[in-house]
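What follows is the residue order along each chain.
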There are 2 protein chains.
Amino acid sequence: MHRVKVRVVEDALDANNTIARANRADFDRAGVAVVNLMSAPGAGKTTLLERVLAGGSSIDGVRVGVLEGDVQGSLDADRLAHLHVPVVQLNTASGFGGECHLDANMVRSALPALPLDDLDLLIVENVGNLVCPAEFHVGEDARIMVASVAEGEDKPLKYPLMFRTCELVVVNKVDLLPYVDFDLERFLYHLDAVHPGVAHLEVSARTGEGVDALRAWLARVPDRVQTPA
Amino acid sequence: MHRVKVRVVEDALDANNTIARANRADFDRAGVAVVNLMSAPGAGKTTLLERVLAGGSSIDGVRVGVLEGDVQGSLDADRLAHLHVPVVQLNTASGFGGECHLDANMVRSALPALPLDDLDLLIVENVGNLVCPAEFHVGEDARIMVASVAEGEDKPLKYPLMFRTCELVVVNKVDLLPYVDFDLERFLYHLDAVHPGVAHLEVSARTGEGVDALRAWLARVPDRVQTPA
């Protein structure tokens, strides 16, 4: 019974990868780099985006749009629309059965609603979840994982795939460090164990600490994509 | 294509419910009440259990055991084993394909390892995730959902099924209230909107505030189960 189950899962992931490649080709044609932004619920993805885009939807001349993924509701998209950022909301509860992650097909269904020709960078804010989003590529060029210091320093060991498949780990809510039992050194030690050498930034979406560095990292994604290795 | 997908999901949930009923029958036969403990990653489930069971594996004469669900590793089970609590670790990554939730079959596979005859209450600590665990019954009598104030007051609106299907909401990390933008009244307003009248407790696993009330709630679960309505 387990063998059948694993095969079904593999088939689903194969099908997803095929659609992710089609998304990627469409993004490449439009000259849009794509970041898949992932975290646990409440780690601060949307507040970080509000901070990053507080000055407008362009970062150092890089025109940014956002695709918001949520199980239901449009709370996050509404928050960003305030800032006059091009934003499209995807709900995984409508037509997809209440999924705990975005997949390539859901993102594909949103492409017609996105002004791709007017964007250089699309940030896809995934559903808050540390497991399944890591398994489903959506056509992204880079993955950013946000970990809040309130969540505890053991998270890289407990959710290794998520930490292993990202290009940047944002350690958020560092303003809470004096008030939580979170040993930053130990977190980074665990992180290095599951993903040696991965970049990380220490940030507080609440105070703004470190947000400039995140903004600079994001602004460089289109260059990294277009420059052959 | 969506219709096929939804049908597969419904079949999986039907199969899960069948096994959950078998688990429930086994638990009833052994006289064990079961609580399904759920939350986002890092909301503090394990630290709460450490606090609740700090005085030993018996609460007011109710003998407690724990089933720990994690994607991989045994960090949480190791923490509780220290306290001489009967604890069994389930990893969803081994043989199940890296699932983001416990299902009834996984719990069933652990039954032989559990000393059911020596327990009155089994606490099943689910994988940290606010979506899928709510869809998969494991044979529990009651569900407790832990929400950390660091996660934000919008969570009941964004993950309504989780908040709607629990008997108790534990608002954890209230010691952080002075340092986070979390309006407790607004959280409770949102909670009431998705699950009118559900019980809640304000707790800090770090300081111990409110833990006695949680201990008392847990100690009453076997009575509630055995008393006909």
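Structure report, in brief. This is a predicted model, so every value here is computed, not measured.

### Details of the interface of chain B and chain A
So, step 1. The interface is formed by 42 residues belonging to chain B together with 42 residues belonging to chain A.
So, step 2. Carbon and sulfur atoms make up 54% of the area that chain B and chain A hide from each other, which totals about 3400 Å².
So, step 3. When the buried area of chain B at its contact with chain A is split by residue, P41(B), K158(B) and Y179(B) rank highest and sum to 17% of it.
So, step 4. Here chain B is connected to chain A by six salt bridges.

### What to know about the pattern of salt bridges
So, step 1. Inspection of the entire model under this criterion finds 26 salt bridges over all chains.
So, step 2. A salt bridge links D154(A) to K155(A), with the shortest nitrogen-to-oxygen separation between them at 2.7 Å.
So, step 3. By relative accessible area, which is 5% here, K155(A) ends up buried.
So, step 4. The residue D181(A) makes a salt bridge to R206(B) at a minimum N-O spacing of 3.0 Å. With D181(A) in the loop between strand 7 (168–172) and helix 7 (184–194) and R206(B) in the loop between strand 8 (199–202) and helix 8 (211–226), this pair bridges two chains.
So, step 5. With relative accessibility at 59%, the residue D181(A) sits in the exposed group.
So, step 6. According to the relative accessible area criterion, R206(B) is partly exposed, its value standing at 37%.

### A look at a negative patch on the surface
So, step 1. Taken together, D183(A), E185(A), E202(A) and E209(A) make up a surface patch of like negative charges.
So, step 2. Its location among the elements puts D183(A) in the loop between strand 7 and helix 7.

### Section: the relation of the copies chain B and chain A
So, step 1. For the pair chain B and chain A, the best superposition has an RMSD of 0.0 Å and corresponds to a rotation of 180 degrees with a translation of 0.0 Å parallel to the axis. Here the symmetry operator amounts to a two-fold rotation axis. Measuring from the rotation axis to each C-alpha of chain B, the shortest distance belongs to N129(B), at 3.0 Å.

### Some details on the packing of aromatic side chains
Residue and element names in this part refer to chain A.
So, step 1. According to the stated counting rule, one finds five aromatic pairs over all chains in the structure shown.
So, step 2. Judged by centre distance (6.2 Å) and plane angle (70 degrees), the rings of F163 and F187 are edge-to-face. Pair noted here: F163 is in helix 6 (residues 160–164) and F187 is in helix 7, with a separation of 24 residues, a long-range link.
So, step 3. For F163, a relative accessible area of 0% translates into the label buried.

### Brief notes about the state of the cysteines
So, step 1. Summed over the entire model, instances satisfying the criterion amount to zero disulfides over all chains.
So, step 2. Unpaired in this structure, C132(A) has its nearest cysteine sulfur neighbour in C100(B), at a distance of 3.4 Å.

### Re unusual backbone geometry
So, step 1. One non-glycine residue with positive phi stands out, namely K173(A), at about 65 degrees.
So, step 2. Residue position: K173(A) is located in the loop between strand 7 and helix 7.
So, step 3. For K173(A), a relative accessible area of 14% translates into the label buried.
So, step 4. The phi torsion at D60(B) lies on the positive side, around 50 degrees, for a residue other than glycine.
So, step 5. The class of D60(B) is exposed, set by a relative accessible area of 67%.

### Looking at the pairing of strand 1 (residues 33–39) of chain B
Residues and elements named next belong to chain B.
So, step 1. Where burial is concerned, most of strand 1 is hidden: seven out of the seven residues are buried.
So, step 2. Side chains of strand 1 alternate between two faces, with A33, V35, L37 and S39 and V34, N36 and M38 buried alike.
So, step 3. As judged from the five bridges shared by strand 1 and strand 5 (residues 121–125), these two strands associate in the parallel manner. Counted as the bridge partner of A33 is L121 from strand 5.

### Remarks on the side chain of N172(A)
Residue and element names in this part refer to chain A.
So, step 1. Relative to the elements of secondary structure, N172 occurs in strand 7.
So, step 2. Accessibility expressed as a relative area gives 1% for N172, which makes it buried.
So, step 3. The contacts of N172, once residues within four sequence positions are left out, are A43, G44, L48, V146, A147, S148, V149, V203, S204 and A205.

### Side note on the nonpolar core
So, step 1. Counting residues in hydrophobic clusters, the biggest one holds 58 residues, and the most contacted among them are F163(A), V169(A), F187(A), F163(B), V169(B) and F187(B).
So, step 2. The set of elements that each furnish at least two residues to this core consists of strand 6 (142–148), helix 6, strand 7 and helix 7 of chain A together with strand 6 (142–148), helix 6 (160–164), strand 7 (168–172) and helix 7 (184–194) of chain B.
So, step 3. Setting aside anything within four residues of it in sequence, one finds F187(A) in contact with A147(A), G152(A), E153(A), P156(A), F163(A), V169(A), V171(A) and F182(A).

### Examining helix 7 of chain B
Residues and elements named next belong to chain B.
So, step 1. Those residues of helix 7 that fall on the buried side of the exposure criterion are L184, F187, L188, H190, L191 and V194. One side of helix 7 holds all its buried residues, which, seen down the axis, span an arc of 160 degrees. Exposed residues pointing more than 90 degrees away from the buried face of helix 7 are listed as E185, Y189 and A193.
So, step 2. Against strand 6, helix 5 (155–158), helix 6, strand 7 and strand 8 lie the buried residues of helix 7.
So, step 3. The N-cap residue of helix 7 is D183: its side-chain oxygen and the backbone nitrogen of E185 are 3.0 Å apart.

Rules of the game
- Residues numbered from 1 in each chain as written.
- Chains lettered and ligands numbered in written order.
- Predicted model: local features only at pLDDT ≥ 70, side-chain atom pairs only at ≥ 80, totals over all residues.
- Heavy atoms only, no water.
- Contact = heavy atoms within 4.5 Å.
- Buried area = accessible area lost by both parts, 1.4 Å probe.
- Salt bridge = Lys/Arg side-chain N within 4 Å of Asp/Glu carboxyl O.
- Buried < 20%, exposed > 50% of the residue type's maximum accessible area, 1.4 Å probe, protein only.
- Helix = DSSP H or I, 4+ residues; strand = E, 2+ residues; numbered from the N terminus.
- Patch = residues over 30% accessible without salt bridge, like charges linked within 9 Å, V, L, I, M, F, W, Y side chains within 5 Å.
- Areas by Shrake-Rupley, 256 points an atom, 1.4 Å probe, with all protein chains shown as cover.
- Lys, Arg positive; Asp, Glu negative; His and termini not counted.
- Charge placed at Lys NZ, Arg CZ, Asp CG, Glu CD.
- Least-squares fit on C-alpha atoms with pLDDT ≥ 70 in both.
- Phe/Tyr/Trp six-rings, centres within 6.5 Å; stacked < 30°, edge-to-face > 60°.
- Disulfide = S-S within 2.5 Å.
- Pairing = 2+ DSSP bridges.
- Core = buried A, V, L, I, M, F, W, Y, C linked by side-chain atoms within 4.5 Å.
- Arc of directions from axis to C-beta.
- Polar contact = N/O pair within 3.5 Å; in protein donor to acceptor, adjacent residues only side chain to side chain.

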